[in-house]
Amino acid sequence: MCTDMIRTRNRGSLLPVVLILLAFTSIMLLSAGAVVSRNASQLNNYSLISGLRETSSNVAELAAAYLSYNLFSADFSSQWSGFDDFKSFVSARGGLEGKYWGEALSMIPSDQWWLLYEDEVFAGFLETGAGLQRFSTGAVAGYDTGKYYVVSWARREGVVRYAFGLLERDFVDGEDALRFAEARRTFSEINTARQGNREEIDGGGDYVFGSATIFGGVFLESNNTNLEDIFPLGLHAAFVSPGENHNFMSLAGIDVVEFFEELRDEHLVSIGHALNGEEIDTEEQNVRSFEFPIASSISPIAENDVLAFYEGDSSGHETPFVVRFPRSAGDEHCFIEISHRDKDNKVHTVTINYDKNTMESPIDIVIHGNVRISEKLQGSDLPHKLAYINGKYSITVFGDIEISTQLMYGDFKSDFDNARPQGGNVSNQPIESWEKVGELLRAFAGSERTDYLKLTSIDGDIIANYIVGGAGQATHGIKVLSGVYAAFKGQTDNGGSFTFPELKDVVNENRLPQLFVFGSLTGHQLGGDEFEYDYRERGTTYIVTRDELDFLRNLFVASSRAGGGSGSAILNLVGLRVW
């Protein structure tokens with residue numbers, strides 16, 4: 001037997017090898033696990049930071065769109081408690097770039113922020129926006145000397161990322177707040193003085209809350225005047241004097257005569273009339289002509305009707321027509337009255353009703369002859385009383401329009417009442433609180449109108465009276481005009497001015513008039529002719545040459561986005577930086 005040839009195996013010798021292999025494998029698995037865990041953690045961090053950056057960028061774009069749409073109602077008057085944290089965050093990143101960013105951000109005022117995260121509507125967008133619920137988000141908007149910007153952030157698990165957007169103002173088509181070939185006014189900034197717990201208007205000053213176009217140039221009170229504090233939403237002008245560093249859009253190369261002729265002719269076509277007042281055939285309008293005396297009311301009225309009124313006889317009166325708006329606001333007072341005084345001084349009146357349930361467009365009315373907007377056909381009026389525009393009306397007059405009352409939109413009554421010292425139907429005290437004035441202008445500019453008025457003079461002037469009648473009853477400290485007003489020259493090259501001939505007679509030592517325009521003014525000239533004025537100082541009388549607008553303390557204008565106004569989007573996001 002060959003049993004001695006078989007080798008005997010030592011089974012115990014394999015155990016150390018197996019243990020060594022197991023130990024090596026465990027170490028390798030632990031090392032690989034650590035690497036995988038570290039890479040997963042980094043990937044999670046990268047994913048978190050990437051998500052925060054993307055979200056903050058999306059919130060910045062949302063904030064820019066919201067600011068653009070709500071610019072007229074924006075209130076840049078708050079402190080942002082997180083401003084210092086934002087500056088510190090940016091300054092600490094990017095080396096030299098962070099240093100420069102920190103210096104640039106330090107130049108932004110700390111008290112001119114609109115806290116969008118506290119705005120109920122914007123906060124609702126953040127809560128419902130796609131992909132925004134993963135993080136805690138917010139945004140603010142700022143303004144400083146013509147520059148607008150937004151800052152947004154996204155935060156989770158103690159990690160935050162920011163976005164900064166710069167916006168540029170873009171001028172859009174539509175009704176300007178002011179649009180004149182020449183403005184006979186020296187514009188100045190509003191000055192305020194603290195009275196108790198509020199800022200009151202101190203002296204003269206102007207604020208035009210809407211884009212303005214003045215071909216003849218803009219004259220400022222001093223070289224130190226900040227143009228954007230007068231025209232915060234933009235100015236088109238041929239020049240600005242004095243000063244060379246103002247931010248405005250140049251009107252170089254635009255023919256001013258042709259510009260106003262085109263505006264006039266477009267309006268004439270829209271009402272089915274020619275420059276000479278004759279009716280023309282158009283596909284859009286149905287012109288219905290009436291000669292006084294006529295029936296006491298006109299109905300029914302279709303959307304495309306143009307109601308044209310003529311004198312039935314040669315009355316010979318300088319102002320044969322009177323248009324009266326009701327003294328009460330509300331849908332139950334949706335009407336106007338047109339009265340005509342014939343050669344025998346007999347008065348004929350027609351009532352035109354506006355039905356808000358069936359009509360959306362303004363009623364087009366054309367009157368051939370001078371018109372007075374007044375409570376009374378003759379005798380002293382009450383110029384300090386408010387008349388209300390209830391409904392929508394476009395009134396074109398071939399002649400002068402004399403406004404001898406105060407005109408307020410019925411759907412804006414409560415806002416106006418809340419801003420005035422006395423409220424109610426009488427308006428003869430100026431609004432001294434600059435906060436109230438600002439709130440009032442922003443409220444009008446940012447709201448939609450259910451009431452509307454357009455007054456257009458062809459071949460005539462628009463004359464706004466502060467005093468009416470021999471009794472000398474006056475508006476004293478305030479005049480209110482609501483609507484879109486335009487005065488164009490006609491065939492005779494006359495008219496086209498917006499004037500206030502009685503301003504000098506309202507002034508006294510304690511009171512200078514204010515003018516509020518809720519809408520827009522268009523014409524060839526703002527202000528009347530110069531005149532000699534007896535100026536008294538320390539017992540001595542001097543004869544000086546003055547313009548009527550020199551006696552206007554404050555000019556406040558706010559244009560509305562209703563009717564194609566300048567309230568559509570006017571800001572573009574031109575730069576976005578995300579950290």
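Higher on the page you've got the structure.
Everything numeric here is computed off the predicted structure, so don't read it as measured data.

Enquirer: Before we go on, may I ask you to explain unusual backbone geometry in this structure?
Expert: Excluding glycine, residues mostly have negative phi values, and the peptide bonds linking residues are mostly trans. The step from S241 to P242 runs through a cis peptide bond, and the omega angle for that step is -5°. With respect to the element layout, P242 can be found in the loop between β13 (240-241) and β14 (249-250). The omega angle of the peptide bond from F292 to P293 is 0°, so this bond is cis rather than trans. Locating P293 in the fold gives a position in the loop between β15 (286-291) and β16 (305-310). The phi dihedral of D493 falls on the positive side, at around 65°, and the residue is not glycine.

Enquirer: Before we go on, may I ask you to explain the packing of aromatic side chains in this structure?
Expert: How two aromatic rings sit relative to each other is given by the distance of their centres and the angle of their planes. Scanning the model with the defined rule gives 41 aromatic pairs in all. Their ring planes at 55° and their centres at 5.0 Å tell us that F86 and Y162 sit as a pair that is tilted. Linking F86 in helix α2 (residues 83-91) with Y162 in strand β4 (residues 159-169), this pair joins segments that are 76 residues apart in sequence. For the pair F86 and Y162, one class covers both residues: buried. Both rings, one in F259 and one in F260, keep their centres 5.2 Å apart while their planes meet at 85°; by these two values the pair is edge-to-face. Given the relative accessible area of 1%, F260 is considered buried. Connected via pairs of aromatic rings, a cluster forms that spans W80, F83, F86, F89, W101, W113, Y117, Y149, W153, Y162, F164 and W579. Sitting over the ring of F83, K87 keeps its end group 4.5 Å from the ring centre.

What counts, and at which threshold
- Residues numbered from 1 in each chain as written.
- Predicted model: local features only at pLDDT ≥ 70, side-chain atom pairs only at ≥ 80, totals over all residues.
- Heavy atoms only, no water.
- Helix = DSSP H or I, 4+ residues; strand = E, 2+ residues; numbered from the N terminus.
- Phe/Tyr/Trp six-rings, centres within 6.5 Å; stacked < 30°, edge-to-face > 60°.
- Buried < 20%, exposed > 50% of the residue type's maximum accessible area, 1.4 Å probe, protein only.
- Lys NZ or Arg CZ within 6 Å of the ring centre and 35° of its normal.

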